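Single-letter residue listing:
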Amino acid sequence: MRLFVSEGAPGSLPVLAAAGRAQCRAELLISTVGPEECVVPFLTRPKVPVLQLDSGNYLFSTSAICRYFFLLSGWEQDDLTNQWLEWEATELQPALSAALYYLVVQGKKGEDVFSLVRRALTHIDHSLSRRSCPFLAGETESLADIVLWGALYPLLQDPAYLPEELGALHSWFQTLSSQEPCQRAAETVLKQQGVLALRPYLQKQPQPSSLEGRAVSNEPEEEELATLSEEEIAMAVAAWEKGLESLPPVQPQQNPVLPVAGERNVLITSALPYVNNVPHLGNIIGCVLSADVFARYSRLRQWNTLYLCGTDEYGTATETKAMEEGLTPQEICDKYHVIHADIYRWFNISFDIFGRTTTPQQTKITQDIFQRLVARGFVLQDTVEQLRCEHCARFLADRFVEGVCPFCGYEEARGDQCDKCGKLINAIELKKPQCKVCRSCPVVKSSQHLFLDLPKLGKPLEEWLEKTLPGSDWTPNARFIIRSWIRDGLKPRCITRDLKWGTPVPLVGFEDKVFYVWFDATIGYLSITANYTDQWEKWWKNPEQVSLYQFMAKDNVPFHGLVFPCSALGAEDNYTLVSHLIATEYLNYEDGKFSKSRGVGVFGDMAQDTGIPADIWRFYLLYIRPEGQDSAFSWTDMLLKNNSELLNNLGNFINRAGMFVSKFFGGFVPEMVLTSDDRRLLAHVTLELQHYHQLLEKVRIRDALRSILTISRHGNQYIQVNEPWKRIKGSEADRQRAGTVTGLAVNIAALLSIMLQPYMPTVSATIQAQLQLPPPACSILLTNFLCTLPAGHQIGTVSPLFQKLENDQIESLRQRFSGGQVRKLKTVPHPPTLEESLSLKAKASPKPAAVETMTTAGPQQIQVLMDEVTKQGNIVRELKAQKADKNQVAAEVAKLLDLKKQLALAEGKPLETPKGKKKK
């Protein structure tokens, strides 16, 4: 083997480090070549590093070369490493290339450089911290570590760009940099010149697009246009010319939708949201909206599709919410089920059925599965120590206990996990535990419970996974999570709880218990289908003919990919199991996290009150969908994406295409005489359309949205170059050319309306109405670009599709949702301690009213006051944002301070001395 590297070429760093690790396992000749030397004979441009194999073949991708060396070392591939390599290529490299160009070529320093990579470096640091492992993929160094280290070394070897607060990243980088293969690689490539050794290489690279500082252009980048063969162009033209006649007949809508033998039958579920709270934007994109896009796409493909969801209504959370609101659990479920349904209806989620888990069918199916598991020996009994609140007379679920974290000392750690250090916690390990409902101290008590014997089900589970995973579209994070559970050893899992609100356990001695919500919640998909049709088993006991797609956030993966499959496999009743498990990462809110319990972020019912249409919310959430890593909702970014991608790109193109037909040709599509450039455009649009299909078939929803925007940019570029508004005033040939350009453009607009349907259904329908698109073309999306608006077709009235979002409008919304709702959902505060009570006595006024400060109000009264404080706080913020009259602001601030005073008294807290008036 021969490895070709070049001094000053950053890609040489990781390959030399990887080669150093494998030096004893293969004969390797390392040659240093100039940056302009063509090593690979069939490449027209110089490319290093390059690995020439003994077979004569070449590897010239940095990660491919590193992977080859690691395989020589006996390394086994894993999903997490592949995730990191994909992230490095798609997220890290663009940011890093820009930072290095700024630093080395333009001479920028400090924050100008660091700001470009801050998010990427923080992501690495958080990942290392969360896993508590020294390396990216575990306890030992992996391919991902070497590739990322090699990419980062030129920048991070300067301590100015490796902040101490990124402690985990700092430790990781120093560990790798101290290894001999990495040190030798750095010496060879950088020659003790540091990052300046990269200058000759970087000066020959194009300026990174993120540095060009221009507004989003309607023109495609030159490299976006792929090289096309004459055969590809001819095939695209032939498909175009067939037009509507090539569309298959539209299949009639079934009711109910049932699988059909010999057809593609697609069953889609989105994770059942807890009924006891309003879903936030992270819940919506992670589950129902992502699944809705795929369901709408499936229907466009004429696949036999059933999409279902519903509210998860049993469990402690519901009981507690009912107690807080003074309602019964059933009343709470009824109330919040309607709230959920209204929110999803506003977001235009196309469920075939949106059901609920509090039904007789849920009890029947859950108990049947359980009894089959018992009969086959897959259920165990054991004693469990739990925290019990004697004041509330109930055992406490983990999420309803708070205390001091035993690991980091954080004082508001939950009973299942610490929000500060991220470590998982057993509730009985908490120091100073408190019941979140009444704030009393719970006691540890024992209780008999039932367990699903996962170790005994391990073999059938692994056999099923070996059969299912190859060729499936399980997301990498889902694969990794399930394999991690199996690798760490399956343990019996408790499936019962000491509650009243749940599915009853049909076993002698356990009549006072119910099933744990995560045993029977996933069975909810079956019972919801059973309430939709009495032929539900055709979907759920038909694995040979049904493909099951399940959408969720990654925290739900173990229950869908392991617990329910084990239950179904153990029941031995031919259940349909998940074929494609689609899990997102987390969506954060601005610079923090969404939290139902803490009320942080925009929630579904709030989105309706912003004045921004549902389709704009859908577009932006799907644009930032957290497919490979966590992403963040940003008001500023939402404004930019609306104004650039929707208004200036997509809306601009579709509106111009339609207006040209109306203005220049009386509303009738003109004759089209295609030139070679037109045929080439047809082929490019067809290629992008086929890429869109490939991505959506793999459920890469965010990336497929980019294909729509790319086609729109092609269209804008086509109009801009051909200038039909000028040609229409010219010669006969010019007018004919204007007609061809207009006709082809409006057909591209028609295609975009169909491609948009899964993402922005209302906008899609609006475009189709404006263009009077024939109904068959609205319901089917083929893999070829067809002429659906032939010459002579009359379109309707064309009007703009999108409105500009203004800075002051967005700033007002940012202030409105900046956390004012946090206190609204906060749990009931604790009663005053003895010290606090004594302090209150010392400070109390001798007036009789002061006695009231000694007694805390009830939870409902405190909740009302919290709501009032939140409402008044929002009023004050909006007045300040509008720069209202100072006297008006002062009056509203006074109301706010009075409400806060009432709340403090209700909570039994000492009143704070106003700022600026403290005694010295």
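Shown above is the structure to which this text applies.
As a starting point, this report considers the structure included with it. Predicted model, so just to flag it, every value in this text is computed and none were measured. (Residues numbered from 1 in each chain as written. Predicted model: local features only at pLDDT ≥ 70, side-chain atom pairs only at ≥ 80, totals over all residues. Heavy atoms only, no water.)

## Some thoughts on the packing of helix H10 (residues 281–300) against helix H23 (residues 676–697)
Here is step 1 of the chain: In the contact formed by H10 and H23, the axes pass within 11 Å of each other and the chain directions differ by 125°. On the basis of the axis angle, H10 is oblique to H23. Read as a crossing pair, H10 and H23 show a hand that is left-handed. Seen from H10, the contacting residues are Val293, Phe294 and Tyr297; seen from H23, they are Tyr692, His693, Leu696 and Glu697.
Here is step 2 of the chain: Counted by class, the contact of H10 with H23 contains 5 nonpolar, 1 polar and 1 charged residues. (Axes fitted to C-alpha atoms, helices over the stretch in contact; angles between N-to-C directions. Helix = DSSP H or I, 4+ residues; strand = E, 2+ residues; numbered from the N terminus. Parallel < 35°, antiparallel > 145°, perpendicular 65-115°, else oblique. Left-handed = near helix turned anticlockwise from the far one by under 90°. Contact = heavy atoms within 4.5 Å. Nonpolar A, V, L, I, M, F, W, Y, C, P; charged D, E, K, R; others polar.)

## Regarding the pairing of strand E17 (residues 546–553)
Here is step 1 of the chain: Most of E17 sits out of view: 7 of its 8 residues are buried.
Here is step 2 of the chain: Bridge analysis of strand E5 (residues 265–270) against E17 gives 6 bridges, and the strand direction is parallel. Paired with Asn265 across the two strands is Val546, which belongs to E17.
Here is step 3 of the chain: As paired strands, E17 and strand E18 (residues 580–584) are joined by 5 bridges and run parallel to one another. In the sheet register, Phe551 faces E18, and the bridge partner there is Ile582.
Here is step 4 of the chain: In this view, the connection linking E17 to its parallel neighbour E18 by way of helix H19 (residues 557–571) has right-handed handedness. (Buried < 20%, exposed > 50% of the residue type's maximum accessible area, 1.4 Å probe, protein only. Pairing = 2+ DSSP bridges. Right-handed = clockwise from strand over helix to strand, strands pointing away.)

## What to know about the sheet that holds strand E14 (residues 493–494)
Here is step 1 of the chain: Strand order across the open sheet formed by 4 strands is E9-E8-E13-E14, with antiparallel pairing between neighbours. Each of the sheet's edge strands pairs with one partner strand only, and the pair in question is strand E9 (394–395) and E14.
Here is step 2 of the chain: Here strand E8 (residues 379–389) runs beside E9; their pairing, made up of 2 bridges, is antiparallel. Bridge assignment links Arg388 to a residue of E9, and that residue is Phe395.

## A short note on the sheet that holds strand E1 (residues 2–5)
Here is step 1 of the chain: In spatial order, the strands read E2-E1-E3-E4; together these 4 strands make up an open sheet with mixed pairing. The two strands at the open ends of the sheet, each matched to only one other strand, are strand E2 (29–32) and strand E4 (58–59).
Here is step 2 of the chain: On top of the sheet, helix H1 (residues 12–21) reaches E1 and E2; it is set at about 150° to E1, its chief contact.
Here is step 3 of the chain: Across the sheet, helix H2 (residues 62–72) is in contact with E1, strand E3 (50–52) and E4; its angle to E3 comes to roughly 45°.

## Description of helix H15 (residues 476–487)
Here is step 1 of the chain: With 12 residues, H15 ought to run about 16 Å at 1.5 Å a step, and its terminal C-alpha atoms sit 16 Å apart, in line with that.
Here is step 2 of the chain: Three or more residues of H15 are buried, namely Asn477, Ala478, Arg479, Phe480, Ile481, Ile482, Ser484 and Ile486.
Here is step 3 of the chain: After H15 finishes, the residue Gly489 shows a positive phi value of roughly 95°. (Expected span 1.5 Å × (residues − 1).)

## Let's talk about the nonpolar core
The nonpolar side chains of soluble globular proteins are, as a tendency, buried together.
Here is step 1 of the chain: Grouped together as the largest cluster of nonpolar side chains are 183 residues, with contacts concentrated most on Trp617, Trp635, Tyr692 and Tyr759.
Here is step 2 of the chain: Broken down by element, the residue count for this core peaks at 12 residues, all from H10.
Here is step 3 of the chain: Counting 66 residues, the second largest nonpolar core, distinct from the first, contains Ile65, Ile146, Ala151 and Leu198. (Core = buried A, V, L, I, M, F, W, Y, C linked by side-chain atoms within 4.5 Å.)

## Some thoughts on the environment of Leu13
Here is step 1 of the chain: As for its position among the elements, Leu13 is in helix H1.
Here is step 2 of the chain: A residue is classified by how much of its surface remains accessible, and Leu13, at 0% relative accessible area, is buried.
Here is step 3 of the chain: A sequence separation of 173 residues divides Leu13 from Ala186, and the C-alpha atoms of the two residues are 6.3 Å apart.
Here is step 4 of the chain: Apart from residues no more than four positions distant in its own chain, Leu13 is found in contact with Trp149, Gly150, Tyr153, Pro154, Ala185, Ala186 and Val189.

## Section: the pattern of salt bridges
Here is step 1 of the chain: Scanning the entire structure with this criterion turns up 35 salt bridges.
Here is step 2 of the chain: A salt bridge links Glu402 to Arg439, with the nearest nitrogen and oxygen atoms 3.3 Å apart. Pair noted here: Glu402 is in strand E10 (residues 401–404) and Arg439 is in the loop between strand E12 (431–435) and strand E13 (443–452), with a separation of 37 residues, a long-range link. One exposure class covers both Glu402 and Arg439, and it is buried.
Here is step 3 of the chain: Measuring nitrogen to oxygen at the nearest pair gives 2.5 Å for the salt bridge that ties Lys641 to Asp637. Of this pair, Lys641 and Asp637 both sit in helix H22 (residues 635–665), separated by 4 residues, roughly a single helical turn. Taken individually, Lys641 and Asp637 each receive the classification buried, so the pair is uniform in this respect. (Salt bridge = Lys/Arg side-chain N within 4 Å of Asp/Glu carboxyl O.)

## A word on unusual backbone geometry
Here is step 1 of the chain: With an omega dihedral of 0°, the bond running from Asn255 to Pro256 counts as a cis peptide bond.
Here is step 2 of the chain: Within the secondary structure, Pro256 is located in the loop between helix H9 (230–242) and E5.
Here is step 3 of the chain: The phi dihedral of Glu572 falls on the positive side, at around 50°, and the residue is not glycine.
Here is step 4 of the chain: With respect to the secondary-structure elements, Glu572 resides in the loop between H19 and E18.
Here is step 5 of the chain: Positive phi is not limited to glycine here, since Gln772 has a value of about 55°.

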